[in-house]
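Residue strings, one per chain:
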Amino acid sequence: MTPDNRWERLRGAAPFALGGLFVASGLLHFAAPRPFEAIVPRSLPARRALVYGSGAAELACGAGLLARRRWAGPASAALLLAVWPANMRMALDAGSGRLPGIADNRALAWGRVPLQIPLVWAALQSRPRPEPGSAA
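Since we're looking at a predicted model, the values are computed, not measured.

### Digging into the overall build of the protein
In step 1: Regarding its fold elements, the protein presents five helices and zero strands.
In step 2: Counting from the amino terminus, helix and strand elements in the protein follow one another as α-α-α-α-α.
In step 3: Considered along the principal axes of its C-alpha atoms, the protein spans approximately 55 × 30 × 20 Å.
In step 4: The 136 residues of the protein split such that 35% are buried.
In step 5: Sequence separation of 24 or more characterises 62% of the internal contacts of the protein that already satisfy a separation of 6 or more.
In step 6: If you sum the accessible surface of the protein, you get close to 7900 Å²; carbon and sulfur atoms cover 66% of it.
In step 7: In the protein, the 16 positive side-chain charges and the 7 negative ones have mean positions that sit 2 Å from each other.

Encoded structure:
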């Protein structure tokens with residue numbers, strides 16, 4: 001396989017991988033909201049509602065990416081940028097004992113911050129499904 005083919009395969013697979021990640025994370029927002037509440041910036045009100053809202057947004061974006069909907073890539077990139085402050089809050093608070101469990105690990109928390117960049121890239125690789133009968 002040529003490097004160009006590998007690149008195209010990665011570009012094609014990235015939105016599906018992100019879609020699966022969003023669905024799993026979205027479900028976790030509802031099943032175990034407390035760790036997510038802990039990373040919501042302290043200046044924001046109604047942390048639980050924000051956690052549920054971002055979980056619903058992740059589920060919607062994940063489903064959209066998996067179904068190759070036109071809106072899903074830009075919406076997913078916007079969502080990733082919107083939650084970046086929570087990842088920064090998590091990194092700043094890591095090691096303080098304020099965060100529950102594994103979220104209190106500094107290396108993991110700081111690793112999430114730059115990870116947003118390739119995740120935004122993956123979201124922007126999403127392409128709509130070709131219309132039936134059209135040339136792809």
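The discussion continues.
### Concerning the side chain of glutamate 58
In step 1: Tracing the backbone through its elements, the reader meets glutamate 58 in helix α3 (residues 47–66).
In step 2: Of the side chains with opposite charge, arginine 112 lies nearest to the buried glutamate 58, which makes no salt bridge, at 6.8 Å.
In step 3: Glutamate 58 has contacts with Phe22, Val23, Ser25, Gly26, His29 and Leu79, leaving out every residue within four places of it along the chain.

### Some thoughts on helix α5 (residues 106–124)
Spacing of three or four residues puts side chains on the same side of an α-helix, whose turn is 3.6 residues.
In step 1: Helix length check: α5, at 19 residues, gives a terminal C-alpha distance of 29 Å against a target of 27 Å (1.5 Å per residue), a fit within 8%.
In step 2: Along α5, the largest kink reaches about 35° and is centred on proline 114.
In step 3: The secondary structure elements touched by the buried residues of α5 are α1 (3–31), α3 and α4 (72–93).
In step 4: If you check the start of α5, you find a side-chain oxygen 2.9 Å away from the backbone N of alanine 107, and it comes from asparagine 105.

### Here we look at α4
In step 1: Spanning 22 residues, α4 covers 31 Å between terminal C-alpha atoms, matching the ideal 32 Å at 1.5 Å per step.
In step 2: The largest bend in α4 amounts to roughly 35° and is located at valine 83, with the proline proline 85 lying one to four residues further along.
In step 3: Among the residues of α4, Ala72, Gly73, Ser76, Ala77, Leu79, Leu80, Ala86, Asn87, Arg89, Met90, Ala91 and Asp93 are the ones counted as buried.
In step 4: Positive phi appears at glycine 95, one or two residues downstream of α4, with a value of about 85°.

### With respect to the packing of aromatic side chains
In step 1: Taken as a whole and assessed by the stated rule, the structure comprises two aromatic pairs.
In step 2: Considering the side-chain rings of tryptophan 7 and tryptophan 121, the 5.5 Å spacing of their centres and the 40° angle between planes classify their relative orientation as tilted. Remark: tryptophan 121 occurs in helix α5 and tryptophan 7 occurs in helix α1; sequence separation between them is 114 residues.
In step 3: In this structure tryptophan 7 comes out as partly exposed when scored by relative accessible area, which is 43%.
In step 4: Residue class for tryptophan 121 comes out partly exposed when judged on its relative accessible area of 29%.
In step 5: With 5.2 Å between their ring centres and 5° between their planes, phenylalanine 30 and tyrosine 52 make a pair best called stacked.

### Describing the nonpolar core
In step 1: Core analysis: the biggest nonpolar cluster contains 13 residues, and Leu18, Phe22, Leu65, Leu80 and Ala123 have the highest contact counts within it.
In step 2: Broken down by secondary-structure element, the contributors of at least two residues to this core are α1, α3, α4 and α5.
In step 3: The residues contacting leucine 80, other than those within four sequence positions of it, are Leu18, Phe22, Gln116, Leu119, Val120 and Ala123.
In step 4: Counting seven residues, the second largest nonpolar core, distinct from the first, contains Ala86, Met90, Ala109 and Val113.

The rules behind the values
- Sequence order as written defines residue numbering, which begins from 1 separately in each chain.
- Totals for whole chains, interfaces and linings use every residue, but because this is a predicted model, local features are given only for residues with pLDDT of at least 70 and side-chain atom pairs only at 80 or more, for both listing and counting.
- Side-chain metrics in this entry use all non-hydrogen atoms of the structure; hydrogen atoms and water are not considered.
- For the purposes of this entry, the term helix denotes a DSSP run of H or I that reaches at least four residues, the term strand denotes a run of E that reaches at least two, and both are numbered from the N terminus.
- Exposure classes here rest on a 1.4 Å probe applied to the protein chains alone. A residue is buried below 20% of its type maximum, exposed above 50%, and partly exposed in between.
- Residues count as neighbours in contact if any of their non-hydrogen atoms are within 4.5 Å of one another.
- We get accessible surface area from the Shrake-Rupley algorithm with a probe of 1.4 Å; when it comes to residues, only the shown protein chains can shield them.
- Positive residues here are Lys and Arg, negative ones are Asp and Glu, while His and the chain termini are left out of the count.
- Every charge is mapped onto a representative atom, which is NZ of Lys, CZ of Arg, CG of Asp or CD of Glu.
- A pairing counts as a salt bridge when a side-chain nitrogen of Lys or Arg comes within 4 Å of a carboxyl oxygen of Asp or Glu.
- What a helix should span is 1.5 Å times the count of its residues minus one.
- In this scheme, the bend at a residue equals the angle between the axes fitted to the seven residues that finish there and the seven that begin there.
- Polar contact is the term for a pair of N or O atoms within 3.5 Å; when the atoms are in protein, one must be able to donate a hydrogen and the other to accept it, and sequence-neighboring residues count only if both atoms are side-chain atoms.
- Centres within 6.5 Å are what make two rings of Phe, Tyr or Trp a pair, Trp counting through its six-membered ring; a difference in plane orientation under 30 degrees is then read as stacked, over 60 as edge-to-face, and the rest as tilted.
- Residues belong to one nonpolar core when they are buried, are Ala, Val, Leu, Ile, Met, Phe, Trp, Tyr or Cys, and are joined through side-chain atoms within 4.5 Å.

Distances and angles like these do not, on their own, reveal function.
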